[in-house]
Structure formats: structure tokens, C-alpha cells
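So the chains spell out like this:
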Amino acid sequence: MQFTCRAARVLSGCALLCASGATVAQTWPAKPVRVVIPWPPGGSNDVVGRIVMQKVGESLGQQFVVDNRPGASGAIGAEPVAKAPPDGYTIMVHSTTHLGNQHLYKKLPYDVLRDFAPVGTLAAQPGALAIHPSLPARSVKEFIALAKARPRQINYSSSGNGSAPHLSMALLVSMTGIELVHVPYKGGAMQVTALVGGESQASLATVSTVIAHLKSGRLRALGVSSARRSAILPDVPTIAEAGVPGYEMSPWIGVYAPANTPRPIIEKLNAESNRALKHPDIAASLTSQVLDPLPSTPEEFAQRIKVDFEKYGKLIRAAAVKVD
């Protein structure tokens, strides 16, 4: 009889908890939601976050206010999200770089896997091997040959240590045996500005950040990092087909909430984000900037995180990169 009563109390408590979560979700958001983007304005994370979250805010009848907090490859902005109350009023838009940071930094004030709740992916961001026109290379094979002839004489820029552009190039380096000099910047916009200005000679940048410069001729694209050619750069081969068989890097951008955020809020935010991604205007806006809409469930995002966490860890260990 005692056991039966105890079980009844537990079941009753669970029912109350579920009911409480459902009630919270029904009233959420009752005030503005802070959207932390741990990158500077102008980069792909910022573009995706602003476009999608504005639509989510319109749908929910509440402001979703972007808060750019760049630095340390996104680690600076991620910290306040990890430590924020898990009430749905602080969320984060971040890229695969978030996973790499756990392997990159000796100490982080949070745990990437433990302190964040996956909400869903927003966009895939294919990369392109882009070079300054001063480099006499017209193909991936010619670039590799040039790099081998000039070991450590070619600088490549990235959006930060452990960022997707950094690890995309690190993978190319490890698969080809070339030696380049890595120059990290604080975000994609500065990474590309350095490349256009000739401070660096190459970069494996997200296509969205270099497409205007590729079209104007200020930069030259040699290959794309994805498994398939980009619809906006149909004449540019994949790096795999251009001479590095098996090469593939497909970074993404997703939404996170603090760990222990009520499940009904996670599901509501996920549903609204997916609805925004399927809106014709939003999809067209992202596609025009070479950001492929990538809706998912929280479970699918969690699985993607698990796989890519291991992949990025192997790349960082192979590149022997550490930041204190």
C-alpha cells in the first residue's frame, strides 16, 4: 500500500510538471527574447539569425532581439547563454564552430554538450576555396602544387581558431600535405576583408561571405567544400572532384537554448523556426546568399551534433591546435 501511494505521488508530480511545462509554452514568449549571435554583424550566422528570428518574432507576436557578442570563435557569446535562466528568453544562433571550441580551448566556462539544449538547424553553409587573384592558380590541383612549391609562404585567413573555415582548410591541408600559414580573424566579414585586401592569399570561406567578390572578380573560386556543386556556382567543381577525393565539409548554423529549458518551449521554438524556413520569402532570401535552409527536429539536430562533435575533435587534434 505504501509503494502504491508513493508511486501515485510520483505520477501526480510528473503530471503537474508536464502541465506546468505546457502552460509555460502556451504563454511563451510574454516578453522580448534575446537572440545571442556570438559573431560580428555581416557574417553568415548573423544573416541567418536575423532573417529567421525576425520571422519567428512576427509569428509569435513578440520581439526577438539580436545581441552580437563576437570573440574567441563564438566562445565569448556562448558563455552567457549557458548561464542564462532556462526560461526561453535567451537563445543562441551558432555554427558548427561551437562544437570545435570544446576541443580547441583547454578550459571553457561551459560544456558544449551538457550546458545547451539543441533546438534545431537553420541553414547549411557551403564553403568555397577562394584565392586572391595575385596567386597564379586556376584550379585546386594548381593551388596544391603552388603551395607545395612555396611551403609556409601562403597565408590563409579564417573566421577564428576552430571555426568552420579554419577546420575546412585544416582538412584540406591534412589530406594533401601542403603547408600554409593560418591567420585567424574575428568573424567571417574580417576574414574576407583580409583576403580581398591581400593580407591573406587564400581562404576556405562560406560562399555567402565571398559570393559578391567572386562575381566582381576580386576573388577567384577554385572549388566548393560540399559533397555536391553549389547551385549558385555551378561551374565551380567540388574539391573532391577537383583533385582531393573524399574531401567534404558541410558546416551548419543552428539554434540552441540553455540546458533544462522546458521541452514544450523547445518544441514551440523549433516549430516556428521550421515554419519560417519554409516561408517562400525566407527560403529565397537565404538561398540568394548561398545559405541552404535546413529545417530539423531537435532530435535530428542532437544526432548531427553528436556526429560532428567527433569529426571536429579529430580535425583539431590532427591540426594540433590549442588555445589557452
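In this text the structure is predicted, and so the values were computed from the model without any measurement.

Novice: What is the right way to look at the overall build of the protein in this model?
Specialist: Secondary structure assignment for the protein yields eleven helices and eleven strands. In terms of overall dimensions, the protein is globule-like: its C-alpha atoms have a radius of gyration of 21 Å, near the 20 Å expected for 324 residues. With respect to the three principal axes, the spread of C-alpha positions in the protein is 80 × 40 × 30 Å. Burial statistics for the protein: of 324 residues in total, 54% are counted as buried. The contacts of the protein with a sequence gap of at least 6 include a subset with a gap of at least 24, amounting to 78%. Carbon and sulfur atoms make up 55% of the accessible area of the protein, which totals about 14200 Å². Across the protein, the 32 positively charged side chains and the 22 negatively charged ones have centroids separated by 3 Å.

Novice: Looking at this structure, how should I read the sheet that holds strand β11 (residues 292–293)?
Specialist: Strand pairing in a sheet is mediated by backbone hydrogen bonds. Such pairs are either parallel or antiparallel. With mixed pairing, the six strands of this open sheet are ordered in space as β2-β1-β3-β10-β4-β11. If you trace the sheet from one side to the other, it starts and ends with β2 (64–68) and β11, each paired once. Summarising the sheet, strand β4 (residues 116–124) and strand β10 (residues 252–258) pair through seven bridges and their orientation is antiparallel. Opposite P118, over in β10, you have Y256 as the bridge partner. Along the sheet face, helix α4 (residues 97–104) touches β3 (90–95), β4 and β10 and points at about 85 degrees away from the line of β3. Contacts from helix α11 (residues 298–319) reach β4 and β10 within the one sheet, and its direction differs from that of β4 by about 85 degrees.

Novice: Where do I start with the layout of surface pockets in this structure?
Specialist: Here the idea is plain: a probe the size of a water molecule rolls over the atoms and shows the empty space left. A volume near 500 Å³ is recorded for the largest pocket. Around the largest pocket, the lining is made up of 24 residues, and of these A124, P126, S226, S250 and D292 lie nearest the centre. The greatest single-element share of the lining of the largest pocket, amounting to four residues, is contributed by α11. A per-class count over the lining of the largest pocket returns eleven nonpolar, six polar and seven charged.

Novice: Please clarify how the packing of α4 against α11 should be interpreted in this entry.
Specialist: Two packed helices can be described by the angle between their axes and the distance between those axes. Running from amino to carboxyl end, α4 crosses α11 at an angle of 50 degrees, the nearest separation of the two axes being 8 Å. Judged by the inter-axis angle, α4 sits oblique to α11. Here α4 runs over α11; the crossing is right-handed. Contacts between α4 and α11 involve T97, L99, G100, Q102, H103 and L104 on the former and, on the latter, I305, D308, F309, Y312, G313, I316 and R317. Taken together, the residues that form the contact of α4 with α11 break down as six nonpolar, five polar and two charged.

Novice: Where do I start with the nonpolar core in this structure?
Specialist: General note: in soluble globular proteins, nonpolar side chains tend to be found buried as a group. Counting 49 residues, the largest nonpolar core has L129 and F143 as its most contacted members. Considering every element that reaches this core, the biggest residue donor is α11, with six residues.

Novice: What should I look at first to understand the environment of L195 in this one?
Specialist: You can see L195 is positioned in helix α7 (residues 188–196). Residue contacts for L195: discarding those within four places in its chain leaves A130, I131, H132, S157, S200, Q201, A202, S203 and L219.

Novice: Is there a simple way to think about empty space enclosed by the protein in this case?
Specialist: Taken as a whole and judged by the stated rule, the model has one cavity of 30 Å³ or more. Considering only enclosed or pocket space, the largest cavity measures out at about 140 Å³ in volume. Taken together, 14 residues form the lining of the largest cavity, with S44, N45, Q125, S159 and G188 sitting closest to its centre. Of all the secondary-structure elements, those providing two or more residues to the lining of the largest cavity are α2 (44–60), α6 (164–176) and α7. Taken together, the residues that form the lining of the largest cavity break down as three nonpolar, eleven polar and no charged.

Novice: Would you mind going over the packing of aromatic side chains with me for this structure?
Specialist: The relative placement of two aromatic rings is captured by the distance of their centres and the angle of their planes. Per the stated rule, a full pass over the model turns up five aromatic pairs. For the pair Y110 and F116, a centre-to-centre distance of 5.4 Å together with 90 degrees between the ring planes defines the contact as edge-to-face. Of the two residues examined, Y110 and F116, each falls in the buried class. Relative to Y256, the ring of F116 has its centre 6.0 Å away and its plane inclined at 75 degrees; by these criteria the two rings are edge-to-face. Separated by 140 residues along the polypeptide, F116 in strand β4 and Y256 in strand β10 bring together distant segments of the chain. For the residue pair F116 and Y256, the accessibility class agrees, reading buried in each case.

About the thresholds
- Per chain, residue numbering runs from 1 following the sequence as it is written.
- Thresholds applied to this predicted model are a pLDDT of at least 70 for local features of residues and 80 or more for the giving and counting of side-chain atom pairs; totals over whole chains, interfaces and linings are not thresholded and use all residues.
- Just so you know, side-chain values use all the structure's heavy atoms and leave hydrogens and water out.
- Under the DSSP-based scheme used, a helix requires at least four consecutive residues in state H or I and a strand at least two consecutive residues in state E, with every element numbered from the N terminus.
- Only C-alpha atoms enter the radius of gyration, while the globule expectation follows 2.2 Å times N to the 0.38, with N the number of residues.
- Only protein chains enter the area calculation, which uses a 1.4 Å probe; residues under 20% of their type maximum are buried, those over 50% are exposed, and those in between are partly exposed.
- Contacts are assigned to residue pairs that have any heavy atoms within 4.5 Å of one another.
- All accessible-area figures derive from a Shrake-Rupley calculation using a 1.4 Å probe, and residue coverage is judged against the displayed protein chains alone.
- Positive charges are assigned to Lys and Arg, negative charges to Asp and Glu, while His and the chain termini are left out of the count.
- Charged side chains are reduced to one point each, which is NZ for Lys, CZ for Arg, CG for Asp and CD for Glu.
- Strand pairing requires that DSSP identify at least two bridges connecting the strands.
- Note on definitions: angles span 0 to 180 degrees between N-to-C directions of axes, and those axes are lines fitted to C-alpha atoms, for helices only across the stretch in contact.
- Using a grid of 1 Å spacing that covers the protein atoms alone, one calls a set of points a cavity when a 1.4 Å probe fits there but cannot get out, and a pocket when the set is open and has protein on both sides within 12 Å along at least five of seven lines; lining residues are those with an atom within 4 Å of a point.
- Grid points are joined across faces, edges and corners, and a volume is the space filled by probe spheres set on the points.
- For this classification, the nonpolar set comprises Ala, Val, Leu, Ile, Met, Phe, Trp, Tyr, Cys and Pro, the charged set comprises Asp, Glu, Lys and Arg, and every other residue, Gly included, is treated as polar.
- What sets the label is the angle itself: under 35 degrees gives roughly parallel, over 145 gives roughly antiparallel, 65 to 115 gives roughly perpendicular, and the rest give oblique.
- The crossing is said to be left-handed when, going from far helix to near helix, the turn is anticlockwise and less than a right angle, and right-handed when the turn is clockwise.
- In plain words, nonpolar cores are sets of buried Ala, Val, Leu, Ile, Met, Phe, Trp, Tyr and Cys residues tied together by side-chain atoms within 4.5 Å.
- For Phe, Tyr and Trp, where Trp contributes only its six-membered ring, two rings pair if their centres lie within 6.5 Å, and the inter-plane angle classes them as stacked under 30 degrees, edge-to-face over 60, or tilted in between.

Purely geometric numbers; function is a separate question.
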